[in-house]
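# Chain and residue survey
Residues per chain are reported as follows:
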Amino acid sequence: MPTKPRYQRILLKLSGEALMGDEDYGIDPKVIGRLAHEILEVRALGVQVGVVIGGGNIFRGAGLAAAGMDRVTGDHMGMLATVMNALAMQDAVEKLGGFARVMSAIPIHDVCEDFIRRRAIRHLEKGRIVLFAGGTGNPFFTTDSAAALRAVEVCADLLLKATKVDGVYSADPKKKKDAHRFEHVSYEDVIARNLQVMDTAAIALCRDHNMPLRIYDMTRPGNLMRIMKGEAVGTLVDAG
């Protein structure tokens with residue numbers, strides 16, 4: 001096992017729902033504490049870490065729109081939810097002795113910094129965990145798209161999507177017992193087969209900028225470190 005990490009800079013996408021743990025709503029302190037610990041372990045290897053967190057544990061713009069709310073208003077509420085989650089992660093990281101900065105795509109000067117690409121890269125170079133909040137700053141775009149965008153903007157070596165399943169399957173493994181897991185799949189296959197890895201805009205952005213994407217199970221402790229050390233955990237999506 002190599003001691004030097006395989007990647008110098010990564011962008012980690014966490015869903016808001018992941019922060020709930022066994023709770024029905026909000027943030028489970030045990031879960032966010034474990035995630036912060038794993039992020040700092042990876043940082044200790046010398047890996048620069050950016051993080052995008054969704055807001056689905058608090059608000060989902062698309063769900064609110066389906067219930068009758070104006071979609072733009074719902075998406076703005078969802079963006080604010082991501083800021084709340086990023087602030088919670090910042091607190092968890094700093095309680096463990098790390099350094100973190102929240103950078104929002106929508107200006108909220110009293111609680112966090114604006115997203116400025118060069119400043120974000122400088123934070124990463126100084127060893128700070130950079131938490132990208134506010135999505136892309138625009139309605140109708142998911143935090144998956146925000147993660148792909150930020151990964152490209154900060155020149156990450158790898159985009160990681162942390163989920164509750166151990167990779168990408170040919171079908172929903174909970175519904176089809178014969179569904180098989182891919183160890184490696186191309187961007188084009190993900191789009192053509194509608195494999196629901198990320199939304200199509202995010203996959204297309206990764207494809208157009210040759211940004212490798214790995215989907216892995218975040219519920220298994222140590223998986224993030226295994227990936228940094230070069231293990232083939234989960235499913236790799238790239239040009240094929």
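Keep in mind that this is a model prediction, so the values were computed, not measured.

How each quantity is defined
- Residues numbered from 1 in each chain as written.
- Predicted model: local features only at pLDDT ≥ 70, side-chain atom pairs only at ≥ 80, totals over all residues.
- Heavy atoms only, no water.
- Salt bridge = Lys/Arg side-chain N within 4 Å of Asp/Glu carboxyl O.
- Helix = DSSP H or I, 4+ residues; strand = E, 2+ residues; numbered from the N terminus.
- Buried < 20%, exposed > 50% of the residue type's maximum accessible area, 1.4 Å probe, protein only.
- Axes fitted to C-alpha atoms, helices over the stretch in contact; angles between N-to-C directions.
- Parallel < 35°, antiparallel > 145°, perpendicular 65-115°, else oblique.
- Left-handed = near helix turned anticlockwise from the far one by under 90°.
- Contact = heavy atoms within 4.5 Å.
- Core = buried A, V, L, I, M, F, W, Y, C linked by side-chain atoms within 4.5 Å.
- Nonpolar A, V, L, I, M, F, W, Y, C, P; charged D, E, K, R; others polar.

### A look at the pattern of salt bridges
Following the criterion strictly, the structure yields twelve salt bridges and no others. Its salt-bridge partner being Glu38, residue Arg34 comes within 3.0 Å of it at the nearest N-O pair. With Arg34 and Glu38 both in helix H1 (residues 29-44) and four residues apart, the pair spans about one turn of that helix. Judged by relative accessible area, which is 24%, Arg34 ranks as partly exposed. Using a relative accessible area of 8% as the deciding quantity, one classes Glu38 as buried. In this structure, Asp208 engages Arg207 in a salt bridge whose closest nitrogen and oxygen atoms are separated by 3.0 Å. Since its relative accessible area comes to 53%, Asp208 is described here as exposed. Arg207 sits in the partly exposed class, given a relative accessible area of 32%. Taken together, the salt bridges that share partners define one network made up of Lys13, Asp144 and Lys161.

### A word on the packing of helix H5 (residues 143-153) against helix H7 (residues 200-208)
Between H5 and H7, whose axes approach to 7 Å, the crossing angle comes to 15°. One way to sum up the angle between H5 and H7 is to call them roughly parallel. Along this stretch, H5 crosses H7, giving a crossing that reads as left-handed. The residues of H7 that touch H5, namely those facing Asp144, Ser145, Ala148, Leu149 and Val152, are Ala201, Ala202, Leu205 and Cys206.

### Some thoughts on the nonpolar core
Side chains of a nonpolar character, in soluble globular proteins, are inclined to be buried together. One finds Ile10, Met89 and Met228 to be the most contacted residues of the largest nonpolar core, which totals 38 residues. Of all elements in the fold, only strand S1 (9-14), H1, strand S2 (48-53), helix H3 (71-95), strand S3 (100-104), strand S5 (129-133), strand S6 (158-163) and helix H8 (223-228) reach the threshold of two or more residues within this core. With seven residues, H1 is the single largest residue contributor to this core. In this structure, Ala120, Ala147, Ala151 and Met211 belong to the second largest nonpolar core, which totals 30 residues.

### Thoughts on the packing of H1 against H3
Here H1 crosses H3 at 65°, and the two axes come no closer than 9 Å. Between H1 and H3 lies a crossing of right-handed hand. Between H1, through Ile32, Leu35, Ala36, Ile39 and Leu40, and H3, the contact on the second element is made entirely by Asn85, Ala88, Met89, Ala92 and Val93. For the contact of H1 with H3, a count of residues per class yields nine nonpolar, one polar and no charged.

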